[in-house]
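# Per-entry structural report
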Amino acid sequence: MKRLVFIHGWGFSGEIFSNLVAHLGDDFEVQIIDLPGYGKCHDNTFPLSLKDVAVDVVKQIDTESILIGWSLGGLIAQQIALDFPAKVQSLILIAATPCFIKKEGWDNAADSILAKQFYQQLEDKGESAISGFYTQLAAMEQQPRKVLQEIKRFQGECKADKDTLLRSLKVLHDTDLRQQLSSINKKITWICGDNDQLVPAQKEMLTGGSSIEIISGAGHVPFISQQEQCLHLIKEAVKLK
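Predicted model, so just to flag it, every value in this text is computed and none were measured.

### Considerations on the overall build of the protein chain
When its secondary structure is counted, the protein chain shows 10 helices and six strands. Compactness check: the protein chain gives a C-alpha radius of gyration of 16 Å against a globular reference of 18 Å for 241 residues, within 12% of the reference. In terms of principal-axis extent, the alpha carbons of the protein chain reach across some 45 × 40 × 35 Å. Split into buried and exposed, the 241 residues of the protein chain put 55% on the buried side. Considering only residue pairs separated by 6 or more positions, the protein chain has 70% of its internal contacts joining residues 24 or more positions apart. Carbon and sulfur atoms provide 45% of the accessible area of the protein chain, an area that totals close to 10800 Å². With 25 positive and 30 negative side-chain charges, the protein chain shows a separation of 1 Å between the mean positions of the two kinds.

Next comes the structure, spelled out in structure tokens:
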């Protein structure tokens, strides 16, 4: 039985995947990981480097698995594939990228000025800044009210304090794995939303072992807004492994 390990994104806990996982049936062995400082691991400290985050997370992965990472979780999954390849069968990366911030020659990313503004807002407002982030995510989807209602159900499960949120956001903003990506000798499936304004859909293959699936009308949370199609793409990607 194939093992799927889900790694969540910034501002949430692994509970964000609960509805998606419920539709996977009995065909897979599923593990949902909480990042340090989040959810059930909220008493832990979020490390200050992505490599250290990967060390922390990989301790929870007992055997070779298909890693399914969303957003920040996708970045962490890439680092695990680089540093602990024996634990990774393949990667399925949802609304993820090797570099979240725009740089020279890299336009499919968030604006660095806006990223700094959000970081400052988080410093000023603390955990309450998450509500604005949730609204921003929902606004990208075709049914924003419905999506906002759904993701707000999981706000209480996040449990991350201000320090965890700032640390994890800094790791997300500071990391650039573009040059290392070609060293990942694993099949990578990128699942993108064509209306994602945080991680614009990639149009070109990032590595030779990549495939790109773009969900029309979806934003940054396609596994919620377009759950059926996202499930189909995940199952198809797993079949190819």
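On we go from here.
### Thoughts on the environment of N108
As for its position among the elements, N108 is in the loop between strand 4 (88-94) and helix 4 (112-125). Separated by 11 residues in the primary sequence, N108 and T97 place their C-alpha atoms 8.7 Å from one another.

### Concerning the side chain of D34
Residue placement: D34 occurs in the loop between strand 2 (29-33) and helix 2 (50-58). Within the buried core, D34 has no salt-bridge partner, and the shortest N-O distance to an opposite charge, that of K40, equals 4.4 Å. Here the side chain of D34 touches G14 through a polar contact of 2.7 Å, landing on its backbone nitrogen. A polar contact of 2.8 Å, which involves the side chain of D34, links it to the backbone nitrogen of K40. Not counting residues within four places of it along the chain, the set of residues in contact with D34 comprises H8, S13, G14, G39, K40, C41 and Q60.

### Brief notes about the pattern of salt bridges
Evaluated as defined, the whole model comprises eight salt bridges. For R153, the salt bridge is made with E150, and the minimal N-O distance between the two is 2.8 Å. For K170, the salt bridge is made with D174, and the minimal N-O distance between the two is 2.6 Å. Within this pair, K170 and its partner D174 are both found in helix 8 (residues 162-174), separated by four residues, close to a single helical turn.

Cut-offs used in this document
- Residues numbered from 1 in each chain as written.
- Predicted model: local features only at pLDDT ≥ 70, side-chain atom pairs only at ≥ 80, totals over all residues.
- Heavy atoms only, no water.
- Helix = DSSP H or I, 4+ residues; strand = E, 2+ residues; numbered from the N terminus.
- Rg over C-alpha atoms; globule rule 2.2 N^0.38 Å.
- Buried < 20%, exposed > 50% of the residue type's maximum accessible area, 1.4 Å probe, protein only.
- Contact = heavy atoms within 4.5 Å.
- Areas by Shrake-Rupley, 256 points an atom, 1.4 Å probe, with all protein chains shown as cover.
- Lys, Arg positive; Asp, Glu negative; His and termini not counted.
- Charge placed at Lys NZ, Arg CZ, Asp CG, Glu CD.
- Salt bridge = Lys/Arg side-chain N within 4 Å of Asp/Glu carboxyl O.
- Polar contact = N/O pair within 3.5 Å; in protein donor to acceptor, adjacent residues only side chain to side chain.

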